[in-house]
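Commentary on secondary and tertiary structure
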Amino acid sequence: QVQLVESGGGLVQPGGSLTLSCATSRSISRLDSMGWYRQAPGKERELVATISAGGSLTYLDSVKGRFTISRDNAKNTLYLQMSSLKPEDTAVYYCNARWTPFVSTYTYWGQGTQVTVSS
């Protein structure tokens, strides 16, 4: 079992910055990958950024150059640094983890944190 707890969401003006955090109950180094997803009202959940166990990064095209995913293995925490925020970034952001303790791979989600970009 992996528990994920997000924090750092809030209201920010367009062009502003925000950093999300996701604390994990398991050592990040034991996880296959971690990532951030988001879901806006009336839309499907979409992948924002991921980081693999080996450190490979992927980003949604619309956030490239504005968002940065990173992790602190010592703190077992995942981060998403967001800058130059736009109203279309408004969504509930979810932390995600994939873990293969033996043979099967399990997917875990945090409870989500609201990010609202508005003037």
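A brief look at the structure comes next. Counting starts from 1 at the beginning of each chain's written sequence and moves along it residue by residue. Side-chain atom pairs in this predicted model are given and counted only at pLDDT of 80 or more, local residue features only at pLDDT of at least 70, and totals for whole chains, interfaces and linings cover all residues. As a convention, hydrogens and water are excluded, and side-chain values are obtained from all of the structure's heavy atoms.

1. Some remarks on the sheet that holds strand β3 (residues 18-24)
- Across the sheet, 4 strands lie side by side as β1-β3-β8-β7; this open sheet has antiparallel pairing. Looking at strand neighbours, the two that pair on one side only are β1 (4-7) and β7 (67-72), the edges of this open sheet. Across this sheet, the average inter-strand angle for adjacent strands is 15°, counted without regard to direction.
- In this description, strands pair whenever DSSP reports at least two bridges between them. Strands here mean DSSP runs of E at least two residues long; helices mean DSSP runs of H or I at least four residues long; both are numbered from the N terminus. Note that β3 and strand β8 (residues 77-82) share 6 bridges and pair antiparallel. Bridge pairing in β8 places T19 opposite Q81. Angles run from 0 to 180 degrees between N-to-C directions of axes, and those axes are lines fitted to C-alpha atoms, restricted for helices to the stretch in contact.

2. Notes on the state of the cysteines
- Note on terminology: pairs of cysteine sulfur atoms within 2.5 Å are recorded as disulfides. One pass over the structure, following the stated rule, counts 1 disulfide.
- The disulfide partner of C22 is C95, and the S-S distance across this bridge is 2.1 Å. Across the S-S bond linking C22 and C95, the dihedral sits near -80°, which makes this disulfide left-handed. In this pair, C22 is assigned in strand β3 and C95 in strand β9 (residues 91-99), connecting sequence segments 73 residues apart.
- Each residue is placed in one exposure class: buried if its accessible area under a 1.4 Å probe, protein chains only, is under 20% of its type's maximum, exposed if it is over 50%, and partly exposed if it falls in between. By relative accessible area, C95 is classed as buried at 0%.

3. Considering the pattern of salt bridges
- We define a salt bridge as a side-chain nitrogen of Lys or Arg found within 4 Å of a carboxyl oxygen belonging to Asp or Glu. The full count for this structure, using the stated rule, is 4 salt bridges.
- One salt bridge connects R38 with E46, and the closest N-O pair in it is separated by 2.7 Å.
- Where D61 meets K64, a salt bridge forms, and the shortest distance between an N and an O atom there is 3.0 Å.

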